[in-house]
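Close look at the chain arrangement
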Amino acid sequence: MIKKLQQAFRERFNKEPIIVGAPGRVNLIGEHTDYNNGFVLPGAVDKRIYVAIAPNNTNTINVFANQFNESYSFSIDVTEPHKGWMNYLLGVTYHIQQGGKKISGVDVMIDGDIPVGAGMSSSAALCSGFGFALNELFQLGLSRMDLAFIGQKTEHTFVGLQCGIMDQFASLHGKKGHVMKLDCRSLEYEYIPFDFPGYKIVLVNSMVSHSLAGSEYNVRRRQCEEGIAILKKHYPGINSLRDVEPAQLLQHQQELPPVVFDRCSYVVYEKERLLTGCEALSKNDLATFGKMMFATHEGLSKKYSVSCTELDFLVECAQHITGVAGARMMGGGFGGCTINIVQADAVETFTNKIRSAFNGLFKKTPEVYVTQVEDGVKIM
Ligand code: GLA
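Not measured: the values here are computed from a predicted model.

Considering all chains together, one arrives at twelve aromatic pairs under this definition. Seen in terms of ring centroids, F9 and F13 are 4.8 Å apart; in terms of plane orientation they differ by 50°. Their pairing is tilted. Pair noted here: F9 and F13 are both in helix α1 (residues 2-13), with a separation of four residues, about one helical turn. A relative accessible area of 0% places F9 in the buried class. Taking relative accessible area as the criterion, F13 reaches 15% and is therefore assigned buried. Arranged with centres 5.0 Å apart and planes meeting at 70°, the rings of F194 and F196 form a pair that is edge-to-face. Residue classification places F196 among the buried positions, given a relative accessible area of 12%. Three or more aromatic residues link up through ring pairs in this structure, and these residues are F169, Y189 and Y191. Against the face of Y191 rests K175, its NZ or CZ located 4.8 Å from the ring centre. Just above the ring of F39 sits the side chain of K181; from NZ or CZ to the centre is 5.2 Å.

Printed below as a string of structure tokens:
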């Protein structure tokens, strides 16, 4: 794909590009915890958005997206969002300059193999890749964390999704063979080896595009804030659900609207599950880790209400297939993929069984991606 992109870029723009590859991400555990200042455990994957780029000595950014066969040009003096995937580029251009950095026009061609709408963060990869490319080209001196925040601000202001920092962070900081335990409160992180030669990370796409997630996602965020506002009256020291102990939440259950209680209780227990999971990983105990994953799914489905029939079915199915250590829906929810930890020699049977069961009920065949954890954004 890189060679093809390079060739297509030369043909369209008559010059030599640099090519940046920005990966999508998986998240092993710790879902909907990032914007609650909790922990997450993502890794970058072997599927990328590729950004081919070269300066053009004008004030215009010309973009061609191979996947959509669409082109778009805009002035670097961006003031407002436009529509669709362009907003990611507009937002990054805007926020880089808001931070006092100077850029000029570029020609850009984009391609990639991260499935769109599958919950693997293709949009975060696009922002990370484009930001990283501009940073390289114009020697802006932005750190990977700066670029992650630029991507997040783009989602907030140009797209309208009040997301946390996990996806952008993971795309930029990934390391081959490792997942990252990120503390979203302090932004400290550590690399944890994910080195299980006998197991594979397998994603199963529910084929339900999670594009509707936007508004409901923001609602979840507000519900968590509502819970905090009530608990804070009793515990002035707490600023987010990260700071809340299960016992504190239970003590004030009656004061919270039931749905707010459910949302908060999912988040508070997800922190416990993540910590137990990390402990298990450090002991090479995938059985315990897998149990945590199933429990996370239960919480996301029943208490946080971000799953859907297709995702619930895929997890239920996985639970009954030999060789599956753990499975759960992954990412924002309402569609997208499940993440499954599957014994390497059982992957084929797993794939066949889950495909045919899903097809029997929903009359469509889920795509299955056997992935591995890889390096973050880099020049290819
Ligand atoms: C989306 C958001 C992330 C995170 C996950 C849920 O991917 O972009 O910030 O909140 O959902 O864990």
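Turning our eyes to something else, we now look at the domain arrangement of the protein. For interface size, the figure often reported is the accessible area lost on association. Each assigned domain of the protein is listed here: domain 1 (2-195) and domain 2 (200-371). Inter-centroid distance (C-alpha atoms) of domain 1 to domain 2 is 25 Å. Both sides of the domain 1 and domain 2 interface together cover about 3300 Å² of buried area, and 66% of this is carbon and sulfur. Among the residues domain 1 hides against domain 2, the three largest losses belong to I29, E31 and H32. Together they make up 20% of the total. Counting every contact that joins domain 1 to domain 2 gives three salt bridges. E31 is the salt-bridge partner of R328, the closest N and O atoms lying 2.8 Å from each other. For the side of domain 1 that touches domain 2, the elements supplying multiple residues, two or more each, are β1 (18-27), β2 (39-40), β3 (42-55) and β7 (178-183). Grouping the constituent residues of the side of domain 1 that touches domain 2 by class yields 15 nonpolar, 13 polar and eight charged.

Positive phi, close to 65°, is recorded for N37, a residue that is not glycine. Tracing the backbone through its elements, the reader meets N37 in the loop between β1 and β2. Here the phi dihedral of K363 falls at roughly 60°; this positive angle occurs in a residue that is not glycine. Assessed through its relative accessible area of 64%, K363 is described here as exposed.

A few words on the environment of T79. Relative to the assigned elements, T79 resides in the loop between β5 (70-75) and α2 (86-98). When the C-alpha positions of T79 and G91 are compared, they lie 9.1 Å apart, and in sequence the two are twelve residues distant.

Going through the model one piece at a time under the given rule, you end up with 14 salt bridges. Ionic pairing is found between R10 and E16, a salt bridge with its closest N-O pair at 2.7 Å. For D262, the salt bridge is made with K303, and the minimal N-O distance between the two is 3.9 Å. One end of the pair, D262, is in helix α8 (residues 258-282); the other, K303, is in the loop between α9 (286-302) and α10 (309-319), with 41 residues separating them in the sequence. Owing to a relative accessible area of 25%, D262 belongs among the partly exposed residues under this scheme. Classification of K303 as partly exposed rests on a relative accessible area of 34%.

Looking now at the nonpolar core. In this structure, L28 and L41 are the most contacted members of the largest nonpolar core, which totals 77 residues. Considering each element in turn, this core owes the most residues, seven residues, to helix α3 (residues 122-137). Two domains share this core, each providing at least three of its residues, namely domain 1 (2-195) and domain 2 (200-371). Among all residues touching L41, those that are not within four sequence positions of it are N27, L28, I29, V179, M180, K181, I192, L274, C278, L281 and F289. Counting 26 residues, the second largest nonpolar core, distinct from the first, contains Y217, Y266, V267 and Y304.

This part takes up the environment of F158. Mapped onto the fold, F158 is located in helix α4 (residues 144-159). For the pair formed by F158 and C308, sequence separation is 150 residues and the distance between their alpha carbons is 27 Å. Beyond its immediate stretch of four places on either side in the chain, F158 contacts V78, E80, P81, N87, L90, G91, Y94, H95 and K153.

As a further point, take the state of the cysteines. Taken as a whole and assessed by the stated rule, the structure comprises zero disulfides. Between C163, a cysteine without a disulfide, and C127, which holds the nearest cysteine sulfur, the sulfur-to-sulfur distance is 8.7 Å. Since its relative accessible area comes to 6%, C163 is described here as buried. C184 provides the cysteine sulfur closest to C278, a residue in no disulfide bond, and the two sulfurs are 12 Å apart.

The ligand sits among R25, E31, H32, D34, Y35, C163, G164, M166, D167, Y217, G331 and G332. In the environment of the ligand, an oxygen atom lies 2.5 Å from a nitrogen or oxygen atom belonging to the side chain of D34. Between an oxygen atom of the ligand and a side-chain N or O atom of D167, the distance comes to 2.6 Å. Starting from 310 Å² of accessible surface for the ligand in isolation, the protein chains cover 94%. Its residues assigned to classes, the shell around the ligand shows four nonpolar, four polar and four charged. Shared between two domains, the shell around the ligand holds at least three residues of each, these being domain 1 (2-195) and domain 2 (200-371).

Analysis parameters
- Along every chain, residues carry numbers that run from 1 in the direction the sequence is written.
- Since the coordinates come from a predicted model, pLDDT governs what is reported: local features require at least 70, and pairs of side-chain atoms require 80 or more to be given and counted, while whole-chain, interface and lining totals use all residues.
- The side-chain quantities take in all heavy atoms of the structure and omit both hydrogens and water.
- For Phe, Tyr and Trp, where Trp contributes only its six-membered ring, two rings pair if their centres lie within 6.5 Å, and the inter-plane angle classes them as stacked under 30 degrees, edge-to-face over 60, or tilted in between.
- Helix and strand assignments follow DSSP, with helices taken as H or I runs no shorter than four residues and strands as E runs no shorter than two, numbered in order from the N terminus.
- Relative accessibility thresholds used throughout: buried, under 20% of the residue-type maximum; exposed, over 50%; partly exposed, between the two (1.4 Å probe, protein chains only).
- Charges are assigned to positions over rings by a cutoff of 6 Å between ring centre and Lys NZ or Arg CZ, combined with an angular limit of 35 degrees from the ring normal.
- A domain assignment, automatic or from a database, supplies the domain bounds used here.
- Take the accessible area each of two parts loses on contact, using a 1.4 Å probe, and add the two losses: that sum is the buried area.
- A pairing counts as a salt bridge when a side-chain nitrogen of Lys or Arg comes within 4 Å of a carboxyl oxygen of Asp or Glu.
- Any residue that is not Ala, Val, Leu, Ile, Met, Phe, Trp, Tyr, Cys, Pro, Asp, Glu, Lys or Arg is counted as polar, Gly included; the first ten are nonpolar and the last four charged.
- We define the nonpolar core as a collection of buried residues of types Ala, Val, Leu, Ile, Met, Phe, Trp, Tyr and Cys that are connected through side-chain atoms lying within 4.5 Å of one another.
- Whether two residues touch is decided by their heavy atoms; if any such pair falls within 4.5 Å, the residues are in contact.
- Here, two cysteine sulfur atoms that lie within 2.5 Å of each other are counted as a disulfide.
- Any residue with a non-hydrogen atom lying within 4 Å of a molecule or strand is treated as near it.
- The term polar contact refers here to a pair of N or O atoms within 3.5 Å; inside protein, the definition further demands a hydrogen-donor-capable atom paired with an acceptor-capable atom, and it admits residues adjacent in sequence only when both atoms are side-chain atoms.
- Using a 1.4 Å probe, the Shrake-Rupley method yields the accessible areas, and only the shown protein chains count as cover for residues.

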